[in-house]
Amino acid sequence: MSGANSGDVQEKQHLADAKKEQNLIPGRRSHAGNLSLPEKKVQEAICVLLVELCERFTFFGIVCNMILFCTIRLGYRNYQAAIVNMCFVGTSMLTPVLAGWLAECLVGRIKLVCICMFLHFLGTALLPIVAFPFEDIYIDKRHILLHTLTKKEQKIVFYFALLTASLGIGGIRAIVCPLSAYNLEDYGPKELLSFFNWFYWLINLNSAVVFVSISYIQQSVARNLGFLIPFVSVLMAMITIHMVRGEMIYKPKTDSSLLTTFGVIASALKTCCMRYRYFSGGVANWLDHAKEYHGGRYSEIQVESTKSLARLFPLFAFQILYRTCIMQIPSGYYLQTMNSNLNFSGFVLPIAAMNVISIVPLLILVPILECINSCLFSSKGSGYSPTIYIVAGQLSAALSVMVAGFSEIHRKHFPQVEQTLSEEVLLVSSMPCFHLAPQYILLGVAEALVTPSCSLLSFWLVPERIRGISMHFLTLFNGAGCFMGAFFVQTAHMGTQGNWFPHLLHEGKLERFFFFLASLMMVNTLGFWIIAHRYSNLNQGYTSEFRRDLSGEKLLKDDKAIKHYGSVLDCSPIMSPVETT
């Protein structure tokens, strides 16, 4: 009887294994009607792309005319409106890191997605209510005023809406739309650069549509159509719910978190301080103090991964000032355009539509750069590095800000005329706004050169297990650039008593602020050019060194195990950096 029972158990086990294998075969469907693996991956990619586009649509819809709303509706000074705008963009860049930590340690990914979708909809619903009120109406001969908020109440609702929207944006970017969702693990540098080029090309195409359509809606009499933004937020929520139900939300590995990276750095610093050895002594690198056999509490793999990431910190640092220059488009350049003649053949051009001029060079350059990259990679192999693109792009950004200073001087030579914006009559320069096009074009060229190349270096020059963390650090430094821009504006206004960032541009010296920023950017470009050789060879990546360290760690663990216990410690294999929930 026991033999028969054993045979039945083995037969059931074989049937279960066969059924499991059948479910894993690509191209098959289960009895429940689930999609096959290739079809599910295609659906995942489409859903992630749609959520990404919807999120960017709402984000650019909020940013594109924020300065106009703050100055005219809320009565802010120019520098205050610019600071609010840059702080919102910077917060939206930093919240994905916060959301990633909350999802990993406290809330859970699915719960946090639902919370962030609610916050995103709440923020995008409150903003149109504050900014684009309905007209007064009559019901049964009774006058009903729908918009009765005072200025103070408007500001409270406005800031609350910005905060909730930025928190929602952070959760969506960190959980629903991480780069890991695009399955880039097996791509080489050529394919990765091509991906980043077309990825940012698609995002900028989406932003071009937003800047033209939403800016016109917000500036025209059809303000109620501004509720298109929360409608897109609802559409994004529906797609996300479908992804949650279909188990399409990706989950990164827990052993390669941002907290682990900060923990390695903190442990190394703590050990250094305890031993008074700091950056010299018995270790080759100060981060080695965090290793277990140097008194720390982190493994060889974790420390070596952090060391490879630390080598990218100079690259990240030189992006801060560059991002500050890019942030002049929705701040300083916006104010210049707002104070220029927007009339074009009897049609008042939306202010934010000038941003399209900075997007057009990127849309044109990407296909050209793709051809150039194909030739360079084929001729030089994987030894080619895009650092030359970053140097050229940063130089273009410096020239753009310098041209903006000369354009400001040129703009003030024109006589002033009256211009109506959002039902307010303003005195502006009669200079056509298209005279400002060169500075927008130069910044567009800079973005086409710098952003994809910097993303490639941040992604390729670190081990697979921390590539997501590397991109998080790049985002953190970009967010720091936004806050540095706000700091520069506040300092320039206070230090010069409003002369360098005036409320009335024709009475101040805004060009001096641009010249100061351009000089800093030239120094920044020179500094990056000096260290660019560190990232000049993509073939000299982490791979060989990382594998050697991994082998060393295995030998060390085996040696410790034999010495202390006479057994071999288990060493878990390196898994893919992402996994589905």
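Residues numbered from 1 in each chain as written. Predicted model: local features only at pLDDT ≥ 70, side-chain atom pairs only at ≥ 80, totals over all residues. Heavy atoms only, no water.

The protein appears in an unreviewed UniProt entry as Solute carrier family 15 member 5 from Penelope pileata. Taken directly from UniProt, the Subcellular location (unreviewed entry) text for the protein runs: "Membrane". UniProt, in its Function (unreviewed entry) section for the protein, records the words "Proton oligopeptide cotransporter." (UniProt positions renumbered as here; feature names shortened; annotations may be inferred.)

What am I meant to see in the overall build of the protein here?
Of the regular secondary structure elements, the protein holds 18 helices and 8 strands. When the 581 residues of the protein are sorted by exposure, 51% land in the buried category. Within the protein, contacts between residues at least 6 apart in sequence are counted, and of these 79% link residues at least 24 apart. (Helix = DSSP H or I, 4+ residues; strand = E, 2+ residues; numbered from the N terminus. Buried < 20%, exposed > 50% of the residue type's maximum accessible area, 1.4 Å probe, protein only. Contact = heavy atoms within 4.5 Å.)

Explanation requested: the side chain of Ser-308 in the structure shown.
Turning to its location among the elements, Ser-308 is positioned in helix H10 (residues 300-310). A distance of 2.6 Å separates a polar atom in the side chain of Ser-308 from the backbone oxygen of Ser-305. Sequence-distant contacts of Ser-308, that is, excluding residues within four places in its chain, are made with Leu-461, Val-462, Pro-463 and Ile-466. (Polar contact = N/O pair within 3.5 Å; in protein donor to acceptor, adjacent residues only side chain to side chain.)

I'm lost on the pattern of salt bridges in this one. Help?
Two side chains with opposite charge may pair up if their charged atoms get near one another. Overall, the coordinates contain 6 salt bridges when judged by the stated rule. The shortest N-O distance in the salt bridge between Glu-304 and Lys-307 comes to 3.2 Å. With Glu-304 and Lys-307 both in helix H10 and 3 residues apart, this pair spans about one turn of that helix. Both residues of the pair, Glu-304 and Lys-307, count as buried. Glu-447 serves as the salt-bridge partner of Arg-323, at 3.7 Å between the closest nitrogen and oxygen. One end of the pair, Arg-323, is in helix H11 (residues 313-326); the other, Glu-447, is in helix H15 (residues 437-460), and 124 residues separate them in sequence. (Salt bridge = Lys/Arg side-chain N within 4 Å of Asp/Glu carboxyl O.)

Would you mind showing me how to read the nonpolar core here?
Nonpolar side chains in soluble globular proteins tend to end up buried together. If you look at the biggest cluster of nonpolar residues, it comprises 135 residues, and the most contacted ones within it are Cys-70 and Phe-158. When residues of this core are assigned to their parent elements, the largest contribution, 12 residues, is made by helix H4 (residues 78-105). Apart from residues no more than four positions distant in its own chain, Phe-158 is found in contact with Met-66, Phe-69, Cys-70, Leu-74, Val-84, Leu-127 and Val-130. Val-264, Ile-265, Ala-268 and Ala-290 belong to the second largest nonpolar core, which has 7 residues in total. (Core = buried A, V, L, I, M, F, W, Y, C linked by side-chain atoms within 4.5 Å.)

Help me understand the confidence of the model for the protein in this model?
Caution is warranted with low-pLDDT regions, since their predicted coordinates should not be read in detail. The predicted model of the protein has a mean per-residue pLDDT of 75, with 73% of residues at 70 or higher. Confidence drops under pLDDT 50 across residues 1-7; counting only partners more than four residues distant or on other chains, this segment forms 0 contacts. Contacts from residues 133-146, a stretch scored under 50 in pLDDT, to residues over four places away or in other chains number 18 contacts. (pLDDT = per-residue confidence, 0-100.)

Where do I start with helix H17 (residues 510-531) in this structure?
The periodicity of an α-helix, 3.6 residues per turn, causes residues three or four positions apart to be oriented the same way. Here H17 contains 22 residues, and its C-alpha end-to-end distance of 32 Å stays within 8% of the 32 Å for a straight helix at 1.5 Å per residue. Of all the positions in H17, only Leu-510, Glu-511, Phe-513, Phe-514, Leu-517, Ala-518, Met-521, Asn-524, Thr-525, Gly-527, Phe-528 and Ile-531 are classed as buried. The inward-facing, buried residues of H17 contact H11, helix H12 (332-338), helix H14 (387-411) and helix H16 (467-495). (Expected span 1.5 Å × (residues − 1).)

Please explain the packing of aromatic side chains as it appears in this structure.
A ring pair, where both rings are aromatic, is described by two values, the distance of the centres and the angle of the planes. Taken as a whole and judged by the stated rule, the model has 23 aromatic pairs. Taking 5.9 Å as the distance between ring centres and 20 degrees as the angle between the ring planes, the aromatic pair formed by Phe-59 and Phe-88 counts as stacked. Here Phe-59, found in helix H2 (residues 37-63), pairs with Phe-88, found in helix H4; they are 29 residues apart in sequence, far enough to count as distant. With respect to burial, Phe-59 and Phe-88 carry one shared label: buried. With centroids separated by 6.2 Å and ring planes inclined at 75 degrees, the aromatic side chains of Phe-196 and Phe-459 adopt a geometry described as edge-to-face. Taken together, the positions of Phe-196 in helix H7 (residues 189-219) and Phe-459 in helix H15 put the pair 263 residues apart, joining distant regions of the chain. Here Phe-196 matches Phe-459 in class, with each residue buried. (Phe/Tyr/Trp six-rings, centres within 6.5 Å; stacked < 30°, edge-to-face > 60°.)

I would appreciate a short explanation of the packing of H11 against H14 in the present structure.
Two quantities define a packed helix pair, namely the angle between the axes and the distance from one axis to the other. Across the interface, H11 lies against H14 with an axial gap of 10 Å and an inter-helix angle of 30 degrees. Relative to H14, H11 is oriented roughly parallel. The way H11 lies across H14 gives a crossing that is left-handed. The residues of H14 that touch H11, namely those facing Leu-315, Phe-318, Gln-319, Tyr-322 and Cys-325, are Ile-390, Gly-393, Gln-394, Ala-397 and Val-401. In terms of residue class, the contact of H11 with H14 is made up of 7 nonpolar, 3 polar and no charged. (Axes fitted to C-alpha atoms, helices over the stretch in contact; angles between N-to-C directions. Parallel < 35°, antiparallel > 145°, perpendicular 65-115°, else oblique. Left-handed = near helix turned anticlockwise from the far one by under 90°. Nonpolar A, V, L, I, M, F, W, Y, C, P; charged D, E, K, R; others polar.)

What is the right way to read unusual backbone geometry from this model?
Glycine aside, a negative phi is what most residues show, and trans is what most peptide bonds show. Notably, Gln-497 is not glycine yet its phi reads approximately 55 degrees, a positive angle. Here Gln-497 is to be found in the loop between H16 and H17.

Looking at this structure, I do not really get the side chain of Thr-451. What am I missing?
Examined against the element boundaries, Thr-451 turns out to sit in helix H15. Given the relative accessible area of 14%, Thr-451 is considered buried. Each residue touching Thr-451, except ones within four places of it in the same chain, is listed here: Tyr-200, Tyr-322 and Arg-323.

What's the story with the environment of Ser-453 in this structure? I'm lost.
Looking at the secondary structure, you find Ser-453 in helix H15. Judged by relative accessible area, Ser-453 falls into the buried class, the value being 2%. Considered as a pair, Ser-453 and Leu-192 are 261 residues apart in the sequence and their alpha carbons are 9.5 Å apart. What Ser-453 contacts, discounting residues up to four positions off in sequence, is Leu-193, Pro-386, Tyr-389 and Ile-390.

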